[in-house]
Every structure is written in C-alpha cells, then in structure tokens.
Amino acid sequence: QVQLVESGGGLVQAGGSLRLSCAASGRSFSTYAMGWLRQAPGKERESVAAIRANFYGTYYKDSVKGRFTISRDNAKNTVYLQMNSLKPEDTAVYYCAADRNYDAVTTATGDSPRYWGHGTQVTVSS
C-alpha cells in the first residue's frame, strides 16, 4: 500500500504562486506514476498533472499548461506541483494520487487512481 500526505496549500491572490508537496510512503515510490487531481465546489474531480514513474512523460490539463509544473524526487519519495499565475478558477481541494498505471492518473475516473491523499485546500482570490 501507499500512503500520501499533501502539504503546501493556502490562500493566495490571483497571479500568485504556490508549491504543493506530496510525501509518499514505501520503497516503491519510483515504480508509481504520480499525479495531482483537484475538485472544485460543485464539480467533478479532474486530473491536473501527472508524471510517469521513470520521469519520462508528463501530462497537464489544458487549462494549466504553462502555469503548473509537476516534478518528483524519488530519493525523497516526494512529488511536487509548482503552481504559478494562479487564477480564481484554480480554487479547489488538491489531491496527490498514485497508481502503477499512468493512464489511471491522467484520467482519474471511477476508483482510479488506486491511492489518494486527503487533500490540501488551494484558494485563489481575485
């Protein structure tokens, strides 16, 4: 099993930046695709960004391309989401997620990805 703990959320003004961190348990971190998903009030969960287990290949939701950057440090069992130029529509609870299947992280439907954190709130004011 994998346990995920997010941190770094908060309240920022539009145009500001936040860096989210996700600490993962276990020695198998490097074998999992990792991602960030979010859920805004009244909306379904959606995948924001994902990164493959071997670093190659990333996914970004169209609306965050050029603003968000996902990265991982396998030595620290940590994945990051650098969020710049934040917009009010980015307001949501952000969840760290892990799955051996990369597509499960990029799609985020049904019961996938397999592992989820408890989320961290990101609020962007106008």
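For every chain, the first residue of the written sequence is number 1, and numbering continues from 1 along that sequence. Only residues with pLDDT of at least 70 are given local features in this predicted model, and only at 80 or more are side-chain atom pairs given and counted; all residues enter the totals for whole chains, interfaces and linings. Side-chain numbers here rest on the full set of heavy atoms in the structure, without hydrogens or water.

Caption draft 1: Quick look at unusual backbone geometry. The phi torsion at Asn77 lies on the positive side, around 50 degrees, for a residue other than glycine. Phi is positive for Ser85, close to 50 degrees, though the residue is something other than glycine. The secondary structure listing takes helices from DSSP runs of H or I that are at least 4 residues long and strands from runs of E that are at least 2 residues long, numbered from the N terminus. With respect to the element layout, Ser85 can be found in the loop between β8 (78-83) and β9 (92-99). Residue classification places Ser85 among the partly exposed residues on the basis of a relative accessible area of 40%. Burial status follows relative accessibility: with a 1.4 Å probe on protein chains alone, a residue under 20% of its type maximum counts as buried, one over 50% as exposed, and anything between as partly exposed.

Caption draft 2: Quick look at the pairing of strand β4 (residues 33-39). Counted residue by residue, β4 has six buried out of seven residues, so it is predominantly covered. When DSSP finds two or more bridges between two strands, those strands count as paired. Note: β4 against strand β5 (residues 46-51), five bridges, orientation antiparallel. From the neighbouring strand, Met34 faces β5, where its bridge partner is Ile51. Where β4 hands over to β5, the hairpin turn is made up of six residues, of which Gly42 adopts a positive phi near 75 degrees.

Caption draft 3: View of the pattern of salt bridges. Counted as salt bridges are all cases of a side-chain nitrogen of Lys or Arg within 4 Å of a carboxyl oxygen of Asp or Glu. One pass over the structure, following the stated rule, counts five salt bridges. We note a salt bridge from Glu46 to Arg38, for which the minimum N-O separation is 2.8 Å. Taking the relative accessible area as the measure of exposure, Glu46 reaches 25% and is therefore partly exposed. One salt bridge in this structure joins Glu46 and Lys61, with 3.1 Å as the shortest N-O distance. Within this pair, whereas Glu46 is found in strand β5, its partner Lys61 is found in the loop between β6 (58-60) and β7 (68-73), the two being separated by 15 residues in sequence. Overall, the relative accessible area of 23% leaves Lys61 in the partly exposed class. Connected through salt bridges with shared partners, the residues Arg38, Glu46, Lys61, Arg67 and Asp90 form a single ionic network.

Caption draft 4: Local environment of the sheet that holds β8. Strand order across the open sheet formed by four strands is β1-β3-β8-β7, with antiparallel pairing between neighbours. In the strand order of this sheet, the two ends are held by β1 (4-7) and β7, each with one partner. For this sheet, the mean inter-axis angle between neighbouring strands, taken without regard to orientation, is 15 degrees. Here strand β3 (residues 18-24) runs beside β8; their pairing, made up of six bridges, is antiparallel. Across the sheet, residue Cys22 finds its bridge partner in β8, namely Val79. All axes here are fitted lines through C-alpha atoms, helices being fitted over the stretch that makes contact, and every angle between N-to-C directions spans 0 to 180 degrees.

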